[in-house]
Amino acid sequence: MRKKLLAALLTATMTAALCVPASAEGMIPGAYRVSEQGFGGDVTVLMTVNESEILDVQITGENETPNLGAVAVEEMDDQILKAQSPTVDGVSGATVTSTAIITAATAALEMAGADISAMESAAADAQANTKRTEEALSTDIVIIGAGGAGMSAAIEATQAGKEVILLEKMPYAGGNTTKATGGMNAAETHYQEEQGIEDSVEQFIEDTMKGGHEMNDKELVTTMAANSADSIDWLDSIGAPLPKVSFSGGATNARIHAPEDGSGVGEYLVDAFLRNLDELGIEVMYNTKAEELIVTDGAVTGVKAASDETDYTIEAKAVILATGGFGANEEMYTKYRPDLKGTVTTNAPGATGDGIVMAEEVGADLVDIDQIQLHPTVEQSTSILITESVRGDGAILVNQSGKRFTNELLTRDVVSAAELEQEGQYAYIIFDQKLRDNLKAIEKYVKNNITVQGDTIEELAEQIDVDPATLAETLDTWNEAVADQEDKEFGRDTGMENDLTTAPYYAIKVAPGIHHTMGGVKIDTEAEVINTEGETIPGLFAAGEVTGGVHGGNRIGGNAVADIVVFGRIAAASAVAFCDAQ
Ligand code: ADP
């Protein structure tokens, strides 16, 4: 890591600081500033100490990812101050930023002459001696998980006049929702109408069923499709419009709704949801993990949860599970799918299946639990997912021989399987400057150094060790197909609005990664959780990736966001009705 000492010492000189023998008690009082390379730019730690204590920590890093690295910048000053040690947990999921902060804080303390290992062991002793406290809370509805489904539910339930407690085990909200890059599928929306796009709820249902290999629960699919336009209106009403409508894999018509400015739908919605939570006075209980559902006389009546210091017993009239899937829990996904051992995951670290385990413990039935989706365009060294919009906007996939091998916009499972049949089980996604200019998401890929660039197709081919003549021929054939609107080779008929002729050209090496766990807790169309006897479990509702049935054997792009918003809101409405009936 690049280390940069910007300015040092207010009350001591740097020379003095560096000459001091390291000791826990013998620091040179002063302020020490060190910068390190974070995820989006420099993060800087300004550490103020006296002889024996850290007095103040200030961390800055304007370019870190919102709701992720930015949380580390915001939170870790307190962590370090409280621990009196630079070696703190940091924020999982924001590893690069956390590590940069720990490294900078350690360097600053070393400048002050601190004995870092003495500090670490004193912090470990203090931690071991911390006494846990117990707290009892009571509310109308507990919502577990502050991802898209949980936050939609929290907003809806609060708007309906109920008091909610929203638990989030991570120090930040958003879960896998933050990572959604495409958009939200919805049919018969006012945006489609305004843009002259013909679509229907029936076609949406048909596409979803077909994409899911007809394994989906058709009633749940119908509920999602029929309520999708209303959820687009609801998003308008909470200041999160999705007006940009385009094609996405598996959809017959232009149906995926995205933010106007081309930003990733997940980050955009999570920001909007957080703003709404703030306005409604809903506080997320961060770093608080739900561990067990409380059952009284067969009904779920609360949740046991724990933070670092406190064990909570939360009594509630209803509980909504919105804990997401289990794509980040290798032990759990290999239990259901041993063949996936060692596959990289695109999932947020909180996606460990807790809600599925908790629901099972109270008798919930599970559906399609072994249905796990691979996403075909994941950069393997960073697990960064290359959004489907890149292909939707015109990119192609080629193998190491420089040849296309599939219709790039078939469903994710089909494209992933096709990739796994290629030499080396990977592919390159190829696009041009025009596509980059029109899709903001690409800047992130460039910033993370996962793109390779060439001023000509041949130059690009050389960089990725592909035969230049073959790649040039592939591009020529493809550009003719776009001009003729006919892909003779693979029958692709969507995402053909733009040819690939504007230099420079780009490639990203991709392979499949675990993306979505389609299976989960069984629910009905009211988002009530169903037990193994086929009956509802009173007081327990679930929405989003924690549930199974909506996506069947394969989720099509744009349906995760539709699922979380539609069913998050339904779970809230059902929980509200359940509270009112008591
Ligand atoms: P969805 O798309 O269904 O909303 P997400 O993955 O976006 O799912 O969000 C799920 C959220 O639930 C994540 O923020 C995750 O950290 C949180 N979560 C998972 N398990 C627990 C738990 N046991 N207690 C509290 N929060 C949890």
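Scroll up for the structure.
Residues numbered from 1 in each chain as written. Predicted model: local features only at pLDDT ≥ 70, side-chain atom pairs only at ≥ 80, totals over all residues. Heavy atoms only, no water.

### Section: the overall build of the protein
Looking only at helices and strands, the protein features 19 helices and 24 strands. For a compact globule of 582 residues, the expected C-alpha radius of gyration is about 25 Å, and the protein comes in at 26 Å, within 12% of that figure. Looking at the protein as a whole, 57% of its 582 residues are labelled buried. Summed over its atoms, the accessible surface of the protein is roughly 23300 Å², and 47% of this surface lies on carbon and sulfur atoms. (Helix = DSSP H or I, 4+ residues; strand = E, 2+ residues; numbered from the N terminus. Rg over C-alpha atoms; globule rule 2.2 N^0.38 Å. Buried < 20%, exposed > 50% of the residue type's maximum accessible area, 1.4 Å probe, protein only. Areas by Shrake-Rupley, 256 points an atom, 1.4 Å probe, with all protein chains shown as cover.)

### Points about the pattern of salt bridges
If the charged atoms of two oppositely charged side chains come close together, the side chains can form a pair. Counted under the stated rule, the structure contains 18 salt bridges. In this structure, the salt-bridge partner of Arg-404 is Glu-489, at a minimum N-O distance of 3.8 Å. Placement of the pair is Arg-404 in the loop between strand S17 (396–398) and helix H14 (412–420) and Glu-489 in the loop between helix H18 (468–484) and strand S20 (505–517), with a sequence separation of 85 residues. Judged by its relative accessible area of 6%, Arg-404 is buried. The residue Arg-436 makes a salt bridge to Glu-443 at a minimum N-O spacing of 2.8 Å. By relative accessible area, Arg-436 is classed as buried at 16%. A single network of salt bridges, built from pairs that share partners, joins Arg-404, Glu-408, Asp-487, Glu-489 and Arg-492. (Salt bridge = Lys/Arg side-chain N within 4 Å of Asp/Glu carboxyl O.)

### A short note on the side chain of Ser-248
Here Ser-248 shows up in the loop between strand S8 (244–246) and strand S9 (256–258). Non-local contacts of Ser-248, meaning those with residues more than four positions away in its chain, are made with Ile-256, Glu-388 and Gly-557. (Contact = heavy atoms within 4.5 Å.)

### Quick notes on helix H10 (residues 265–280)
With 16 residues, H10 should cover 22 Å at 1.5 Å per step; its first-to-last C-alpha distance of 22 Å lies within 8% of that length. Along H10, the residues that are buried comprise Val-265, Gly-266, Leu-269, Val-270, Ala-272, Phe-273, Leu-274, Asn-276 and Leu-277. In this fold, the buried residues of H10 make contact with helix H5 (148–159), strand S6 (164–167), helix H9 (228–237), strand S10 (284–285) and helix H19 (559–580). At the exit of H10 stands Gly-281, carrying a positive phi of roughly 75 degrees. (Expected span 1.5 Å × (residues − 1).)

### Considerations on the site of the ligand
Near the ligand you find 26 residues, and of these Ala-149, Glu-168, Asn-176, Thr-177 and Glu-545 are the closest. Here Thr-177 contributes a side-chain N or O atom positioned 2.6 Å from an oxygen atom of the ligand. Separating a nitrogen atom of the ligand from a side-chain N or O atom of Asp-354 is a distance of 2.9 Å. Here the ligand loses 98% of its free accessible area of 580 Å² to cover by the protein chains. (Near = heavy atom within 4 Å. Polar contact = N/O pair within 3.5 Å; in protein donor to acceptor, adjacent residues only side chain to side chain.)

### Things to note about a negative patch on the surface
Taken together, the side chains of Asp-455, Glu-458, Glu-459, Glu-462, Glu-473, Asp-476, Glu-480, Asp-484 and Glu-486 present a region of like negative charge at the surface. You can see Glu-459 is positioned in helix H17 (residues 457–463). Residue class for Glu-459 comes out partly exposed when judged on its relative accessible area of 34%. (Patch = residues over 30% accessible without salt bridge, like charges linked within 9 Å, V, L, I, M, F, W, Y side chains within 5 Å. Lys, Arg positive; Asp, Glu negative; His and termini not counted. Charge placed at Lys NZ, Arg CZ, Asp CG, Glu CD.)

### Examining unusual backbone geometry
Note on backbone geometry: most residues besides glycine have negative phi, and most peptide bonds are trans. With an omega of -5 degrees, the peptide bond between Ala-503 and Pro-504 qualifies as cis. On the secondary structure map, Pro-504 appears in the loop between H18 and S20. The phi dihedral of Glu-214 falls on the positive side, at around 60 degrees, and the residue is not glycine. Tracing the chain through its elements places Glu-214 in the loop between helix H7 (201–211) and helix H8 (218–226). For Ala-527, which is not a glycine, the phi torsion comes out positive at approximately 65 degrees. Secondary-structure assignment places Ala-527 in the loop between strand S21 (520–522) and strand S22 (528–530).

### Comments concerning the environment of Ser-85
Along the chain, Ser-85 falls in the loop between helix H2 (69–83) and helix H3 (95–111). Ser-85 gets classed as buried once you look at its relative accessible area, which sits at 0%. C-alpha separation for the pair Ser-85 and Ala-114, spaced 29 residues apart in sequence, amounts to 9.9 Å. Residue contacts for Ser-85: discarding those within four places in its chain leaves Ile-54, Ile-80, Met-119, Glu-120 and Ala-123. A distance of 3.1 Å separates the side chain of Ser-85 from the backbone nitrogen of Thr-87, its partner in a polar contact.

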